[in-house]
Amino acid sequence: MHGFANPARFLRMARWLLPTLLVPGMLLSFGALAWGIAYAPPDHLMGVTVKILIIHVPCVWLGMAGWSTIAISSIVELVWRHPLAGIAARAAAVPGAVFTALGLITGSIWARPTWGTWWVWDGRLTSFLVLLFLYFGYIALADAAQKDAAGGGGAGRIPAIFGLVGAINIPIINRSVVWWNSLHQPASITLGKSSIDPTYLWPLLIGALGFSLVFGAVVIARMRMLLADIQTEARLRRKALN
Amino acid sequence: MHERLDQWVYVVAALSVGVVGTLAMVGWSLIAMLRAERRRDAVRRK
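Novice: Tell me what's going on with the overall build of chain A, and back it up with residues and numbers.
Specialist: On a plain count of helices and strands, chain A comes out with seven helices and two strands. Along the chain direction, N to C, the helices and strands of chain A fall in the order α-α-α-α-α-α-β-β-α. Taking the principal axes of its C-alpha atoms as reference, chain A extends roughly 70 × 35 × 30 Å. Relative to its 242 residues, chain A shows a buried fraction of 40%.

Novice: Would you mind going over the nonpolar core in detail, with residue names and values included?
Specialist: Counting residues in hydrophobic clusters, the biggest one holds 74 residues, and the most contacted among them are A88, A93 and A217 of chain A. Taken together, the elements giving at least two residues each to this core come down to α1 (7–39), α2 (53–80), α3 (85–115), α4 (123–150) and α7 (198–241) of chain A together with α1 (7–45) of chain B.

Novice: Run through the interface of chain B and chain A, naming residues and quoting values.
Specialist: If you look at the interface, chain B gives 24 residues, while chain A gives 30 residues. Looking at the side of chain B that touches chain A residue by residue, the class counts come to 15 nonpolar, five polar and four charged.

Novice: Help me get a handle on the environment of A97 of chain A, residues and values and all.
Specialist: Residues and elements named next belong to chain A. Secondary-structure assignment places A97 in helix α3. Residue A97 is classed as buried on the basis of its C-beta count, with 22 C-beta atoms lying within 10 Å. Along the backbone, A97 and F136 are 39 residues apart, and their C-alpha atoms lie at a distance of 7.4 Å. The contacts of A97, once residues within four sequence positions are left out, are L132, Y135, F136 and I139.

Novice: If you had to explain the packing of α2 of chain A against α3 of chain A to someone new, which residues and values would you point to?
Specialist: All names here are of chain A. Axis separation between α2 and α3 bottoms out at 7 Å; the angle between their running directions is 155 degrees. As judged from the angle between their axes, α2 and α3 are roughly antiparallel. Seen from above, α2 lies across α3 with left-handed handedness. In terms of residue class, the contact of α2 with α3 is made up of 16 nonpolar, 12 polar and one charged.

Reading the values: rules and limits
- Residues numbered from 1 in each chain as written.
- Chains lettered and ligands numbered in written order.
- Predicted model: local features only at pLDDT ≥ 70, side-chain atom pairs only at ≥ 80, totals over all residues.
- Helix = DSSP H or I, 4+ residues; strand = E, 2+ residues; numbered from the N terminus.
- Buried ≥ 20, exposed ≤ 12 C-beta atoms within 10 Å, placed from the backbone.
- Core = buried A, V, L, I, M, F, W, Y, C linked by C-beta atoms within 7 Å.
- Contact = placed C-beta atoms within 7 Å.
- Nonpolar A, V, L, I, M, F, W, Y, C, P; charged D, E, K, R; others polar.
- Axes fitted to C-alpha atoms, helices over the stretch in contact; angles between N-to-C directions.
- Parallel < 35°, antiparallel > 145°, perpendicular 65-115°, else oblique.
- Left-handed = near helix turned anticlockwise from the far one by under 90°.

As structure tokens, this is what we get:
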């Protein structure tokens with residue numbers, strides 16, 4: 001793992017990894033959406049609105065996957081002091097927040113024709129909204145910590161602790177439909193089992209894979225951006241001191 | 001009172017929000033990365 005601790009080595013790898021993730025990710029995502037729109041039949045209860053599943057579910061999964069990435073990277077940063085772990089956590093925050101927001105918006109649009117309302121304050125929706133606010137807090141905290149670190153402060157570990165504590169919301173989101181009454185349906189896909197018809201399951205899984213690759217590509221791009229910013233800042237500081 | 005809903009409007013709205021949001025995030029991240037790397041290279045050359 002510490003083999004990637006060298007930023008120069010990471011940047012060499014990131015240069016080919018970015019297009020390798022982005023291009024197939026885009027093709028799979030949009031291919032799955034087109035497949036779902038064109039060929040998946042209407043559901044007997046939800047009608048054609050069931051097609052929203054193919055964009056909504058990957059967004060929700062990636063919203064939660066984004067915070068899981070932050071939590072795992074935070075552990076690596078706190079325990080092993082891996083120099084790129086904090087950067088990986090920061091890089092995952094913005095795409096995680098975007099997918100969380102997209103999950104909330106697409107879910108709300110889906111709720112209107114199926115539930116008759118745009119929003120209900122039940123466990124699933126509320127805990128997912130809390131996730132979005134946690135992302136906002138993390139992004140602001142990480143930004144402030146980076147400025148503090150540039151000024152010689154030692155606040156670098158605070159976002160990692162926040163990322164770790166915030167992870168408590170992930171199992172709450174997952175179990176919310178079991179613990180509390182909700183208009184939201186229980187999980188349709190669990191480990192090894194699915195109650196979704198294969199005509200929807202395949203475009204959904206391919207779409208989820210595609211959006212995950214896009215997520216990975218965005219994380220790599222943001223890591224390159226953050227590393228470039230740190231290198232620029234360091235060089236400017238050295239020049240100012242000389 | 002009965003409300004008549006055209007379900008396709010909701011499908012198109014949800015897919016558009018998802019696709020436009022994803023493309024905007026990808027574009028913004030790539031542009032920010034290229035700008036940051038260009039700035040770093042410019043500072044190195046000085």
